[in-house]
Structure formats: C-alpha cells, structure tokens
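# Fold and contact review
One-letter residues, chain by chain:
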Amino acid sequence: MMRIHHFKEMKSRGEKITMLTAYDYPTAKAFDEAGVDMLLVGDSLGDNMLGYDSTVPLTLDEMIPFARAVAKAAKNAFVVADLPFGTYEVSPEQAVESSIRMMKLSGAQAIKFEGGRRIARQVKAVTDAGIPFCGHLGFTPQSENALGGRRIQGRGDDGYDALLADALALQEAGAFAVVLEMVIAPVAEKVTAALDIPTIGIGAGPSTDGQVLVWLDALGVGDWHPSFSKQFAAVGAVMSEGAAGYIREVKAGSFPSPDHTFDE
C-alpha cells in the first residue's frame, strides 16, 4: 500500500505520481485496480456529483460517507479526503476537530484543504496531531468568489514569489505534498524545483511531480470539461448507449428473455 514516504521517494527519483478523484466504491475499486497512486475524495463531489453550483455548499457530514466508500475500496492507493469550506478556517482547533472526524469516520489516510500562509497554523496543528496533510494552492475553488472566478494563477510580477511563499509555508507546517491548480507552467516548474515535497498538478503543466484530474473529466462523463483536462475514454457515451439499449428491449418485450427468467 502507498504511504506518504513513497511519494517523496518518487519525487527524488523522478517518477511521476498519479492521482484521480473518486467518490464511490466501484469507481475507487476500478482506479485502485488500474494502479493509481492516490485517490482524492475531493469537495468537487459537490458540483460534480451532487449538482451544486460550486463546492461551497458541501458539508462535512455529506462528504464522510463518500470518503468511507472510497477508503473501503482502496487496497493499494493512498486515500486523501478534502475538508469542505467552513470546516477549518476558523481556528487550528476547528481544523484538527474536523480532520479527526473525517479520519475516524471515513478511514481516509490524509486530509487536504485549501490555502497557503493564511492557514499555515491550521496545517501545523493538523500535522502535529499526527494527521498527514496535502496542501492545495493556485486556483482554490472554495475561494472562487474572492479570486474573481476561475482565474489562472501565477501571473504577474509577484506571481511566483507569492505562490512559492505559500508552498514553503505548507512544507514548513508539515505537508507531505501540495496540489497546484491552474498555475502557469513556468511558475509551477520553479515551485516544484524549490520544494522538497512533491507537487501534484492540475492544469499546471508537465513539470510537476504528479498529475490529478477529476475522473468525470478524464473519462468523458458530462457535457463540459476544462481545457486543461484530456478525455481518456468516453464513459458517458457508453452509459447512454447502454441505457438506450435497455429501454429498447423493455419496450419491445424482448427483456427479460427466458435466459433471465425463473420458471420454477
């Protein structure tokens, strides 16, 4: 099974780290069997699976059962669970309490939440409590309103300096890795080189230590996918075709056939 020291070892030897989101048992099982290194139960659950307009309305109570299902499916992959908006910002004590609750009730192996220097005290408290922590910098969806929308990060004269300061603060506070989302590639590359811990990119170019994608984007479910994602399969189309075939056969009376019927 993957552990946090494995990711630092992978960075040191230049081996890329793979991460995909998962929100349920069968999906997590499929990705684990495929050999993914990390599974992320992201707060992207809110807008990708529960129909919310953003990640902000999602609650910790809503997230825990999904994280539990993913953790039960993972035999080799390392499971990271997000803390949703409003469950860690108030104080280090709140962050520790929320992290402990997620870990105890879900079985996830690490916690992730958003921010850099502004939440470094929370990160330190969480890691001091013995809980592995993964950071998240760049575009942070929970702060979309404050950022002025889905804006690419790292631009401008101070883009690199600010991002690096945030990343170093997380590293100093005990993070074992940090996600860089929608960061211009040259800045993501320099931040990656400056850190001892791995970076996991999403829309941050090829030079991060690993990559993460929302699985619905990567496997072609839904009508919209961000420009930084690639569709590796067309699962949504296969699902629609399968459902259409089922409907046709039921309407025509050809299903259930004798092969699918109990006579005695």
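Residues numbered from 1 in each chain as written. Predicted model: local features only at pLDDT ≥ 70, side-chain atom pairs only at ≥ 80, totals over all residues. Heavy atoms only, no water.

Tallied over the full model, the rule gives seven salt bridges. The salt bridge involving Glu-33 is made with Lys-29; its shortest N-O contact spans 2.6 Å. One end of the pair, Glu-33, and the other, Lys-29, are both in helix α2 (residues 25–34), four residues apart, so they sit about a helical turn from each other. The partner of Asp-82 in a salt bridge is Lys-112, with the nearest N and O atoms 2.9 Å apart. Of the two residues, Asp-82 sits in strand β3 (residues 78–82) while Lys-112 sits in strand β4 (residues 110–112), which places them 30 residues apart along the sequence. (Salt bridge = Lys/Arg side-chain N within 4 Å of Asp/Glu carboxyl O. Helix = DSSP H or I, 4+ residues; strand = E, 2+ residues; numbered from the N terminus.)

This next bit is on the sheet that holds β3. An order of β1-β2-β3-β4-β5-β6-β7-β8 is seen for the eight strands of this closed barrel, with the pairing classed as parallel. Each strand axis lies, on average, 25° off the axis of its neighbour in the sheet, ignoring direction. (Pairing = 2+ DSSP bridges. Axes fitted to C-alpha atoms, helices over the stretch in contact; angles between N-to-C directions.)

This brings us to the environment of Leu-213. Position of Leu-213 relative to the elements: it lies in strand β8 (residues 210–213). Judged by its relative accessible area of 18%, Leu-213 is buried. Distance from Leu-213 to Pro-256, taken between C-alpha atoms, is 39 Å for residues 43 residues apart in sequence. Every residue in contact with Leu-213, bar those within four places of it in the chain, is listed here: Met-19, Leu-20, Thr-21, Ile-202, Ala-218, Phe-228, Ser-229, Lys-230 and Phe-232. (Buried < 20%, exposed > 50% of the residue type's maximum accessible area, 1.4 Å probe, protein only. Contact = heavy atoms within 4.5 Å.)

With that out of the way, let us pick up the pairing of strand β6 (residues 177–181). Along β6, five of the five residues are buried, which leaves the element largely enclosed by surrounding structure. Bridge count between strand β5 (residues 133–138) and β6: five bridges; the pairing is parallel. Following the sheet pairing, Cys-134 is matched in β6 by Ala-177. As for the winding sense of the linkage, the β-α-β connection from β6 through helix α9 (residues 185–194) to strand β7 (residues 199–202) is right-handed. (Right-handed = clockwise from strand over helix to strand, strands pointing away.)

Now for the pairing of strand β2 (residues 38–41). Of the two faces of β2, the one carrying Met-38 and Leu-40 and the one carrying Leu-39 and Val-41 are both buried. For strand β1 (residues 17–21) and β2, the ladder comprises three bridges, and the chain directions are parallel. Bridge pairing links Leu-20 to Leu-39 in β2. For the crossover that starts at β1, traverses α2 and ends in the parallel β2, the hand is right-handed.

Here we come to the UniProt feature "binding site: 3-methyl-2-oxobutanoate" (unreviewed entry) in the protein chain. Mapped onto this numbering, the UniProt entry annotates "binding site: 3-methyl-2-oxobutanoate" (unreviewed entry) at Asp-43, Ser-44, Asp-82 and Lys-112. Sequence-wise these annotated residues cover 70 residues; spatially they are packed, their C-alpha atoms never more than 12.4 Å apart. With respect to the element layout, Ser-44 can be found in the loop between β2 and α3 (45–48). Other than its neighbours up to four places away in sequence, Ser-44 contacts Thr-21, Tyr-23, Met-49, Thr-55 and Val-214. For Asp-82, a relative accessible area of 3% gives the class buried. At 2.8 Å, the side chain of Asp-82 forms a polar contact with the backbone nitrogen of Asp-43. (UniProt positions renumbered as here; feature names shortened; annotations may be inferred. Polar contact = N/O pair within 3.5 Å; in protein donor to acceptor, adjacent residues only side chain to side chain.)

The next point concerns the UniProt feature "active site" (unreviewed entry) in the protein chain. Summarizing the sequence annotation, UniProt attributes the feature "active site" (unreviewed entry) to Glu-181 in the numbering used throughout. Structurally, Glu-181 is set in strand β6.

When cut into domains, the protein chain gives domain 1 (4–233) and domain 2 (235–264). Here domain 1 and domain 2 have C-alpha centroids that lie 39 Å from each other. (Domains from an automatic or database assignment.)

Turning our eyes to something else, we now look at the packing of aromatic side chains. Using the criterion set out here, one finds seven aromatic pairs in the structure. Grouping aromatic residues by their ring pairs yields a cluster made of Phe-7, Phe-78 and Phe-176. The lysine or arginine in question, Lys-190, covers the ring of Tyr-160, its NZ or CZ lying 4.4 Å from the ring centre. (Phe/Tyr/Trp six-rings, centres within 6.5 Å; stacked < 30°, edge-to-face > 60°. Lys NZ or Arg CZ within 6 Å of the ring centre and 35° of its normal.)

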